[in-house]
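# Report on the structure
Below, each chain spelled out in residue letters.
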Amino acid sequence: AMAFHAAASVLGAMGHLANFGQVAEFGVSHVHQREQMQWARRAYRLDARTLRIDLLNAVKEDVRDHHTTHAGRIDTLLLVHTLLLTFALATLQFSGQYVPQTGESCP
């Protein structure tokens, strides 16, 4: 009977040690889960920041392309207007009403 009680006590102690192991494992799992959540938050923040930077780069490239297109159009218009002005001035210079016919008509 005494051996039975001793064996029961040892088995009870082993059961308590097993319960303590489960509690310790639960604590370790809790710490690990908390650490994983922190890393997940950091990864989310980094992904959000990367997305914002990618969007800003896309907008920057789009604005640069629009500027290049409009600058090219302005250069073309300036060239056309310069040629038109030159042609207009040449036409005015050689038209009959602006060229004096005699010495008296010249101021």
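Look a little higher up for the structure.
Attention here is on the structure that accompanies the text. (Residues numbered from 1 in each chain as written. Predicted model: local features only at pLDDT ≥ 70, side-chain atom pairs only at ≥ 80, totals over all residues. Heavy atoms only, no water.)

Taken together, Leu 85, Leu 89 and Leu 92 make up a surface patch of nonpolar side chains, about 290 Å² in accessible area. Note that Leu 89 resides in helix H1 (residues 2-93). On the accessibility criterion, Leu 89 (49% relative accessible area) is partly exposed. (Patch = residues over 30% accessible without salt bridge, like charges linked within 9 Å, V, L, I, M, F, W, Y side chains within 5 Å. Areas by Shrake-Rupley, 256 points an atom, 1.4 Å probe, with all protein chains shown as cover. Salt bridge = Lys/Arg side-chain N within 4 Å of Asp/Glu carboxyl O. Helix = DSSP H or I, 4+ residues; strand = E, 2+ residues; numbered from the N terminus. Buried < 20%, exposed > 50% of the residue type's maximum accessible area, 1.4 Å probe, protein only.)

A cluster of basic residues, Arg 41, Arg 42, Arg 45, Arg 49 and Arg 52, forms a positive patch on the protein surface. Mapped onto the secondary structure, Arg 45 falls in helix H1. (Lys, Arg positive; Asp, Glu negative; His and termini not counted. Charge placed at Lys NZ, Arg CZ, Asp CG, Glu CD.)

On inspection of all chains with the given rule, the structure shows 0 aromatic pairs. A cation sits over an aromatic face here: Arg 42 above Trp 39, 4.8 Å from the ring centre. (Phe/Tyr/Trp six-rings, centres within 6.5 Å; stacked < 30°, edge-to-face > 60°. Lys NZ or Arg CZ within 6 Å of the ring centre and 35° of its normal.)

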